[in-house]
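# Residue-level structure breakdown
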Amino acid sequence: MKPLVIIVIAACLLSCVQSKKNEQKSNEKTTVVANITENFDWLLGKWKRANEAKGKETFEQWRKISNTNYSGFGFTMQNNDTIWQEKLQLLKSNKTWDLTVKSPDKSESTVFVGTHHNENEFTCENSKNEFPNTIKYWKNGSKINALVSNEEIEISFNFEKTE
């Protein structure tokens, strides 16, 4: 009887040790994924829209303020005049990344709440805004793409890095 009790106790101990090792590996993987999805450094730099209408040039510039704050500036030129501009801020708020957009012709910023993000993309939404309701950015090789949309309209931006 004693050998049987010793075998059962040994089996339980081995099981606990193996379970603890599996738990540690699982936690390590979770930590790595969390770190990867918190970095939007692929946005950094100066970008030019490759699919802009003839006679216009659109640019965006992104810089990292901190690990939880990215600042962007976008503008469109036509005949050497700025015809449109906006300030952008991608800011971590609790566990989401929210995008704030501020145009000079508006008195207040518009906040788009983060609904999805990973290491290569993010999507933010504001259903109360007339257009757009959704803004999505994603990494596309050495380029970035953006899509602004509502239920009726989609506008695609394909950016190539200039610096």
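The structure contained in this document is the topic of the report that follows. (Residues numbered from 1 in each chain as written. Predicted model: local features only at pLDDT ≥ 70, side-chain atom pairs only at ≥ 80, totals over all residues. Heavy atoms only, no water.)

In terms of helices and strands, the protein chain carries one helix and 10 strands. Moving toward the C terminus, one meets the helices and strands of the protein chain in the order α-β-β-β-β-β-β-β-β-β-β. Split into buried and exposed, the 163 residues of the protein chain put 27% on the buried side. Here the contacts in the protein chain between residues at least 6 apart in sequence split such that 31% fall between residues at least 24 apart. Carbon and sulfur atoms provide 51% of the accessible area of the protein chain, an area that totals close to 11,100 Å². (Helix = DSSP H or I, 4+ residues; strand = E, 2+ residues; numbered from the N terminus. Buried < 20%, exposed > 50% of the residue type's maximum accessible area, 1.4 Å probe, protein only. Contact = heavy atoms within 4.5 Å. Areas by Shrake-Rupley, 256 points an atom, 1.4 Å probe, with all protein chains shown as cover.)

Counting residues in each nonpolar core, the largest one holds 21 residues, and the members touching the most others are F40, L43, W62, L90, L99, F122 and Y137. Contributions of two or more residues to this core are made by β4 (81-93), β5 (96-102), β7 (121-125), β8 (134-140), β9 (143-149) and β10 (154-161). Dropping the residues within four chain positions of it, L43 is found in contact with W62, L90, F122, Y137 and I144. (Core = buried A, V, L, I, M, F, W, Y, C linked by side-chain atoms within 4.5 Å.)

Now for the layout of surface pockets. The volume enclosed by the largest pocket comes to roughly 780 Å³. Along the wall of the largest pocket there are 31 residues; nearest its centre are W84, E86, S103, F131 and P132. If you list the elements that add at least two residues to the lining of the largest pocket, you get β2 (56-66), β4, β5, β6 (110-118), β8, β9 and β10. Sort the elements by how many residues they give to the lining of the largest pocket and β4 lands first, with five residues. Each residue belonging to the lining of the largest pocket can be placed in one class, and the counts come to 16 nonpolar, six polar and nine charged. (1 Å grid on protein atoms, 1.4 Å probe; cavity = no way out; pocket = protein on both sides within 12 Å on 5 of 7 lines; lining within 4 Å. Points joined across faces, edges and corners; volume = space filled by probe spheres on them. Nonpolar A, V, L, I, M, F, W, Y, C, P; charged D, E, K, R; others polar.)

On the basis of which strands lie adjacent, the closed barrel formed by 10 strands has the order β1-β2-β3-β4-β5-β6-β7-β8-β9-β10 and antiparallel pairing. Going across the sheet, the axis of each strand differs from the next one's by a mean of 25°, ignoring polarity. (Pairing = 2+ DSSP bridges. Axes fitted to C-alpha atoms, helices over the stretch in contact; angles between N-to-C directions.)

Within the structure shown, the criterion is met by 11 aromatic pairs. Consider the rings of F40 and W97, whose centres lie 4.9 Å apart with planes at 75°: the pair is edge-to-face. With a gap of 57 residues between them, F40 in the loop between α1 (2-36) and β1 (45-49) and W97 in strand β5 connect regions that are remote in the sequence. W97 matches F40 in its accessibility class, with the two residues each being buried. (Phe/Tyr/Trp six-rings, centres within 6.5 Å; stacked < 30°, edge-to-face > 60°.)

The next thing to look at is the pattern of salt bridges. Going through the model one piece at a time under the given rule, you end up with five salt bridges. Where K64 meets D41, a salt bridge forms, and the shortest distance between an N and an O atom there is 3.2 Å. A residue pair is termed long-range when its members are at least 10 positions apart, and K64 in strand β2 and D41 in the loop between α1 and β1 qualify at 23 residues. Among the residues examined, D41 registers a relative accessible area of 28% and is labelled partly exposed. Salt-bridge contacts for E57 lead to K48; the nearest nitrogen and oxygen are separated by 2.8 Å. (Salt bridge = Lys/Arg side-chain N within 4 Å of Asp/Glu carboxyl O.)

Bringing unusual backbone geometry into the picture now. The amide bond that connects F131 to the next residue, P132, takes the cis arrangement and shows omega of -10°. By secondary structure assignment, the location of P132 is in the loop between β7 and β8. Notably, N94 is not glycine yet its phi reads approximately 60°, a positive angle. On the secondary structure map, N94 appears in the loop between β4 and β5. According to the relative accessible area criterion, N94 is exposed, its value standing at 72%.

Such coordinate-based values are descriptive only and should not be taken to indicate function.
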